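# Observations on the three-dimensional arrangement
Next come the chains, spelled out residue by residue.
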Number of protein chains: 2
Amino acid sequence: MAGQVKAEPVRRLPRAERREQILAAATEAFARNGFASTSLDDIATEAGVTRVILYRHFDSKTDLYQAVLDRMCARLDANVGEPVGGFTDASIDGLLAAAMESPAGFRLLFQHAARETDFKARIETFRADITAAAYLQISAFVPDDGLARWASQLAPVVAIEAIIAWLDAGQPDAAQAAARVRQAVMGVITAAASSEVDCSLPNPSIQGGTAHGNP
Amino acid sequence: MAGQVKAEPVRRLPRAERREQILAAATEAFARNGFASTSLDDIATEAGVTRVILYRHFDSKTDLYQAVLDRMCARLDANVGEPVGGFTDASIDGLLAAAMESPAGFRLLFQHAARETDFKARIETFRADITAAAYLQISAFVPDDGLARWASQLAPVVAIEAIIAWLDAGQPDAAQAAARVRQAVMGVITAAASSEVDCSLPNPSIQGGTAHGNP
DNA sequence: GCATATGTTTACTTCCAGATATACAAGGTG
DNA sequence: CACCTTGTATATCTGGAAGTAAACATATGC
């Protein structure tokens, strides 16, 4: 049976386009297992090209990774805007928009790159800016400095995790997603601000227990 | 000159103790960079021992890692208790206790192992149990199923991140730490439960130009 | 005191994945 | 058509880290 297998005529792309496509593929691949556990072959496969081709667009694996991170950071900056403005409603809108544009990139940045010693610097500045902005706001509400630092470190993390969980859950109630993320963040601030905390989670068996603690 | 360098008389330990000490050292080392980016030499150095010794206690790097994870999971199970009970106040107390016993182990489990494809299974069951328990409780408050799933996935994550941030911030107000974590979690539930959400973060109102960042 | 377990040192093999080089194939545009 | 670009195939070099082996040193408990 000499069945011609339709040869799949080798889709060729202009250089710039191929580069973009590789970056996108690399983002997906890296987002799964991070830098160290992702081989160039994984990426090549994901992009549908040979490993050799990668070297015609990027000097090294590190170079490629950095390009991926830069690309995503740029997207973030574009959406979040000047980080000097503080950790505001707009920041969360921006994060949400960026996450919807590139879920894989979002995960890559905050779940992998942020913990890779060789690359965290690029993200750490971003996070540090947000944390500092949050601290300025939160410290006005929270007298205890330790608690203020706790909350300002936690608030951005909760925002990010809330967004990721929201993506995972299938983006329910998209219209009010940002508002709900904000509310979750508010929970953190409230938790730090209360001087006398007496909060219980709803009891699983008895429905009588009302959720109290949130003004 | 023949300066004797105090020879450091090679502390020897009985097998079981050395094994424990290696596990502790490996926990610290792995917690920094995860499985792939941590070499056996890193661990040996951390333990103050030669690489060869590691092989007298563990068959392979993978075997050692698994032992580290198992050890920490056991600690978790001991503190959190039967996960079938639901995601309750006691769960958070248990998580907090486990995190204080071994901060490195806590980070390792939830920030690294949970994202390593070869090892996540061990943790995924733990997380799945908690998430399922949380879902049962939360779905009673939240009519929309998508939102309920969002909240029940997010709630444990927020608890964990709140605890880690609390460790990072120097464990402020330890007496009420658990209550504050609960309160942060409550913020998530509230966010999912509200049908009409209209939440804003506090405005970074032009307060006296205190422009000192976060330490 | 002595045997044994504990630990060191050194050298080696193996394997993987990053990186490089070269020869060849074919699309499309001047 | 000629030519350059894009892509493939293959082979090889390389370095680092996992894993193995053997000879040696000495604390320590019996």
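Conventions adopted
Residues numbered from 1 in each chain as written. Chains lettered and ligands numbered in written order. Predicted model: local features only at pLDDT ≥ 70, side-chain atom pairs only at ≥ 80, totals over all residues. Heavy atoms only, no water. Helix = DSSP H or I, 4+ residues; strand = E, 2+ residues; numbered from the N terminus. Expected span 1.5 Å × (residues − 1). Buried < 20%, exposed > 50% of the residue type's maximum accessible area, 1.4 Å probe, protein only. Contact = heavy atoms within 4.5 Å. Near = heavy atom within 4 Å. Polar contact = N/O pair within 3.5 Å; in protein donor to acceptor, adjacent residues only side chain to side chain. Nonpolar A, V, L, I, M, F, W, Y, C, P; charged D, E, K, R; others polar. Buried area = accessible area lost by both parts, 1.4 Å probe. Salt bridge = Lys/Arg side-chain N within 4 Å of Asp/Glu carboxyl O. Least-squares fit on C-alpha atoms with pLDDT ≥ 70 in both. pLDDT = per-residue confidence, 0-100. Axes fitted to C-alpha atoms, helices over the stretch in contact; angles between N-to-C directions. Parallel < 35°, antiparallel > 145°, perpendicular 65-115°, else oblique. Left-handed = near helix turned anticlockwise from the far one by under 90°.

### Some words on helix H5 (residues 89–101) of chain A
Residue and element names in this part refer to chain A. The end-to-end C-alpha separation of H5 is 19 Å, in line with the 18 Å expected for 13 residues at 1.5 Å each. Of all the positions in H5, only Asp-89, Ser-91, Ile-92, Gly-94, Leu-95, Leu-96, Ala-98 and Ala-99 are classed as buried. On the buried face of H5, the contacting elements are helix H4 (61–80), helix H6 (103–112), helix H7 (120–138), helix H8 (145–168) and helix H9 (177–193).

### Comments concerning the protein's contact with DNA strand C
Within the structure, DNA strand C sits among 18 residues, and A:Arg51, B:Arg12, B:Arg18, B:Thr50 and B:Arg56 are positioned closest to it. Among the atoms of DNA strand C close to the protein, meaning within 4 Å, 49% are from sugar or phosphate groups. For DNA strand C, a phosphate oxygen lies 3.1 Å from a polar atom in the backbone of A:Leu40. The contact in question runs from a phosphate oxygen of DNA strand C to an N or O atom on the backbone of B:Arg15, over 3.1 Å. No other element matches helix H3 (residues 51–57) of chain A, which puts three residues into the surface near DNA strand C. Split into classes, the residues belonging to the surface near DNA strand C amount to seven nonpolar, four polar and seven charged.

### Description of the interface of chain B and chain A
Between chain B and chain A, the residue contacts involve 63 residues of the former and 66 residues of the latter. Regarding the contact of chain B and chain A, the summed buried area is about 5,500 Å², with carbon and sulfur atoms giving 61% of it. The interface formed by chain B and chain A holds zero salt bridges in total. Counting across the interface, chain B meets chain A through 13 residue pairs in polar contact (both at pLDDT 80 or more).

### Section: the relation of the copies chain B and chain A
Relative to chain A, chain B is turned by 180° and slid 0.0 Å along the rotation axis, the superposed coordinates differing by an RMSD of 0.1 Å. When the rotation and shift are considered jointly, the pair of chain copies conforms to a two-fold rotation axis. Proximity to the rotation axis, assessed at the C-alpha, singles out B:Gly187 in chain B; its C-alpha lies 1.9 Å from the axis. Both copies contact each other with a shared surface, as 95% of the interface residues of chain B are interface residues in chain A too.

### Some thoughts on the environment of B:Ile22
All names here are of chain B. With respect to the helices and strands, Ile-22 occurs in helix H1 (residues 15–33). A relative accessible area of 0% places Ile-22 in the buried class. Distance in space between the C-alpha atoms of Ile-22 and His-57 is 8.8 Å, their sequence separation being 35 residues. Once you skip the residues sitting within four places of it in the chain, Ile-22 turns out to touch Ile-53, Leu-54, His-57, Phe-58 and Leu-64.

### Considering the confidence of the model for chain A
Residues and elements named next belong to chain A. With 87% of its residues at a pLDDT of at least 70, chain A reaches an overall mean of 89. Scored below 50 in pLDDT, residues 1–7 shows zero contacts in the model against residues more than four places distant or in partner chains. Under a pLDDT of 50 for its full length, residues 206–215 has, in the predicted model, nine contacts with residues more than four places off or in other chains.

### Quick look at the pattern of salt bridges
Residue and element names in this part refer to chain A. Under the defined criterion, the tally for this structure stands at 20 salt bridges over all chains. Ionic pairing is found between Asp-89 and Arg-182, a salt bridge with its closest N-O pair at 3.6 Å. Separated by 93 residues along the polypeptide, Asp-89 in helix H5 and Arg-182 in helix H9 bring together distant segments of the chain. A salt bridge links Arg-107 to Asp-168, with the shortest nitrogen-to-oxygen separation between them at 2.1 Å. Pair noted here: Arg-107 is in helix H6 and Asp-168 is in helix H8, with a separation of 61 residues, a long-range link. Exposure remark for Asp-168: the relative accessible area of 38% places this residue in the partly exposed category. Among the ionic contacts, a cluster of salt bridges with common partners joins Asp-89, Asp-93 and Arg-182.

### Observations concerning the protein's contact with DNA strand D
Close to DNA strand D lie 22 residues; A:Arg12, A:Arg18, A:Thr50, A:Arg56 and B:Arg12 are nearest. Counting only the atoms of DNA strand D that lie within 4 Å of the protein, the sugar and phosphate share comes to 48%. At 2.8 Å from a phosphate oxygen of DNA strand D is found a side-chain nitrogen or oxygen belonging to A:Thr50. Here a base oxygen of DNA strand D sits 2.4 Å away from a polar atom, N or O, in the side chain of B:Arg12. Residue assignment for the surface near DNA strand D shows that the elements contributing at least two residues are helix H1 (15–33) and H3 of chain A together with helix H3 (51–54) of chain B. Considering every element that reaches the surface near DNA strand D, the biggest residue donor is H3(A), with three residues. Residue classes in the surface near DNA strand D are distributed as nine nonpolar, five polar and eight charged.

### A few points about the packing of H5(A) against H8(A)
Residue and element names in this part refer to chain A. For the pair H5 and H8, interaxial distance at closest approach is 10 Å and the crossing angle is 40°. Between H5 and H8, the angle falls in the class oblique. As H5 runs across H8, the sense of the crossing is right-handed. Along the contact surface, H5 presents Leu-95, Leu-96, Ala-99 and Met-100, while H8 presents Ile-160, Ile-163, Trp-166 and Leu-167. In the contact of H5 with H8, the residues fall into eight nonpolar, no polar and no charged.

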